[in-house]
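Below, each chain spelled out in residue letters.
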Amino acid sequence: MISGRLRDTKLIVNLGAIRHNIQEQQKQLAPNSKIFAVVKANAYGNGLVPVAQTAIGAGAAGTCVAILDEALELRDNGITKLILVLGITPVENAHVAAEAGVSLTVGSLDWLEDYHQLAIANHWTKPLKVHLGIDSGMGRIGFTTVENFNEAVEFVREHREFEFEGMFTHFATADSADESYFNKQVNRWEQFVNSLNELPPFVHMANSATGMWHQEKITANTVRMGISMYGQNPSGRELAATLDLKPVEQLVTSISFVKKLKAGESVSYGATYTA
Ligand SMILES: *Cc1c(COP(=O)(O)O)cnc(C)c1O
């Protein structure tokens, strides 16, 4: 990608504001709660590596990315803390994550069985850290029944090419004033949590909106902080922010051309504006 360095339009990213926003969230959480900084999609456009470094400097326990390539870019740039890939990684590429110590989201027993077969055939011995995703109502990645989830947990625990590092879910409506669907998801999530007698080290349910408006309902020890870390209110204007967020992004430019039109003259493609 080519950056336009020779024009006077700039996106200014205030890394100090990222630090501030993380500390604001941390203050509101239970004392031993941790934060994962969500830096997928080039840190929401703000620059993957500098944002990840800043978040970790501010105390984040780890980072979350969308795809394995982003995780490797962080490792190549010296980020040694936990990195979780939130999307599903093709099973034939997953050993790359194991070698780099990158954690992967897993949402089915099939995926675990396929990895197990490949690990035996290829003598992959380095344990792969997995976070089991739970679909409590988002309707995307994850286990939908407690029985299937428990089978997967057992499979992970019985095979030494896996390390059971985390479990998580994701909310569809945590930024909405109507809490009924959110509460349904919380109840569903709690059934999964309560089905285990021993929890993995990282249990995470909260996105930005949950960390902001539902702190009292968090049955987990880690918050995945995305949009609020960048200083934005996840609900737009529906709910007032409960954290003192500082905006991270500033877009500055200058007017490049000014002209006068005569009545009847038109502007641009399709001549949709006529003076
Ligand atoms: C993107 C993402 C987040 C962060 O969401 P925000 O609303 O930006 O806080 C958290 N968890 C998962 C699984 C995501 O995909």
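Rules used throughout
- Residues numbered from 1 in each chain as written.
- Predicted model: local features only at pLDDT ≥ 70, side-chain atom pairs only at ≥ 80, totals over all residues.
- Heavy atoms only, no water.
- Near = heavy atom within 4 Å.
- Polar contact = N/O pair within 3.5 Å; in protein donor to acceptor, adjacent residues only side chain to side chain.
- Areas by Shrake-Rupley, 256 points an atom, 1.4 Å probe, with all protein chains shown as cover.
- 1 Å grid on protein atoms, 1.4 Å probe; cavity = no way out; pocket = protein on both sides within 12 Å on 5 of 7 lines; lining within 4 Å.
- Sits in = over half its atoms within 2 Å of the grid points.
- Pairing = 2+ DSSP bridges.
- Helix = DSSP H or I, 4+ residues; strand = E, 2+ residues; numbered from the N terminus.
- Axes fitted to C-alpha atoms, helices over the stretch in contact; angles between N-to-C directions.
- Contact = heavy atoms within 4.5 Å.
- Points joined across faces, edges and corners; volume = space filled by probe spheres on them.
- Nonpolar A, V, L, I, M, F, W, Y, C, P; charged D, E, K, R; others polar.
- Salt bridge = Lys/Arg side-chain N within 4 Å of Asp/Glu carboxyl O.
- Buried < 20%, exposed > 50% of the residue type's maximum accessible area, 1.4 Å probe, protein only.

1. A word on the site of the ligand
All residues in the neighbourhood of the ligand are listed as Val38, Lys40, Tyr44, Leu86, His170, Asn207, Ser208, Arg224, Gly226 and Ile227. One of the side-chain nitrogen or oxygen atoms of Lys40 is found 2.7 Å away from an oxygen atom of the ligand. Interatomic distance of 2.7 Å between a side-chain N/O atom of Arg224 and a nitrogen atom of the ligand. Expressed as a share of its isolated accessible area of 390 Å², the protein-covered part of the ligand is 84%. Among the detected pockets, the ligand sits in the largest pocket.

2. Here's the deal with the sheet that holds strand 6 (residues 128-134)
Whether parallel or antiparallel, the strands of a sheet pair through hydrogen bonds between backbone atoms. Sheet architecture is closed into a barrel: eight strands sit in the order 2-3-4-5-6-7-8-9, paired in parallel fashion. Sheet twist, expressed as the average angle between the axes of neighbouring strands with direction ignored, equals 30 degrees. Examined bridge by bridge, strand 2 (residues 34-38) and strand 3 (residues 62-65) share three bridges and lie parallel to one another. Among the inter-strand pairings, Val38 is bridged to a residue of strand 3, identified as Cys64. Packing of helix 4 (residues 68-76) onto the sheet brings it into contact with strand 3 and strand 4 (82-88), and relative to strand 4 it is tilted by some 165 degrees.

3. Things to note about the layout of surface pockets
Its boundaries defined by the atoms lining it, the largest pocket holds a volume of some 550 Å³. As for the largest pocket, its lining consists of 25 residues, and the residues nearest its centre are Lys40, Met138, Arg140, His170 and Arg224. For the lining of the largest pocket, the secondary-structure elements that each account for two or more residues are helix 2 (40-45), strand 4, strand 6, strand 7 (162-169) and helix 9 (208-213). Of the residues contributing to the lining of the largest pocket, the split by class is 13 nonpolar, seven polar and five charged. By volume, the second largest pocket is sized at about 270 Å³. Considering the residues around the second largest pocket, the lining is formed by Met1, Ile2, Ser3, Gly4, Arg5, Arg7, Thr9, Lys10, Leu11 and Leu251. Broken down by class, the residue content of the lining of the second largest pocket amounts to four nonpolar, three polar and three charged.

4. Overview of the environment of Tyr230
Tracing the backbone shows Tyr230 in the loop between strand 9 (222-225) and strand 10 (249-252). Along the backbone, Tyr230 and Leu251 are 21 residues apart, and their C-alpha atoms lie at a distance of 14 Å. If near-sequence neighbours (up to four positions away) are discounted, Tyr230 is found in contact with Ile18, Asn21, Val38, Val39, Ala43, Tyr44, Asn46, Val51, Lys246, Pro247, Val248 and Glu249. Side-chain polar atoms of Tyr230 contact the backbone oxygen of Val38, separated by 2.8 Å.

5. Structural notes on the pattern of salt bridges
This structure, assessed with the given rule, holds two salt bridges. The salt bridge involving Glu24 is made with Lys27; its shortest N-O contact spans 2.8 Å. A residue pair is termed a helical-turn pair when its members lie 3 or 4 positions apart in one helix, as Glu24 and Lys27 do in helix 1 (residues 15-28) at three residues. On the accessibility criterion, Glu24 (8% relative accessible area) is buried. As a salt-bridge pair, Glu179 and Lys217 come within 3.4 Å of each other at their nearest N and O atoms.

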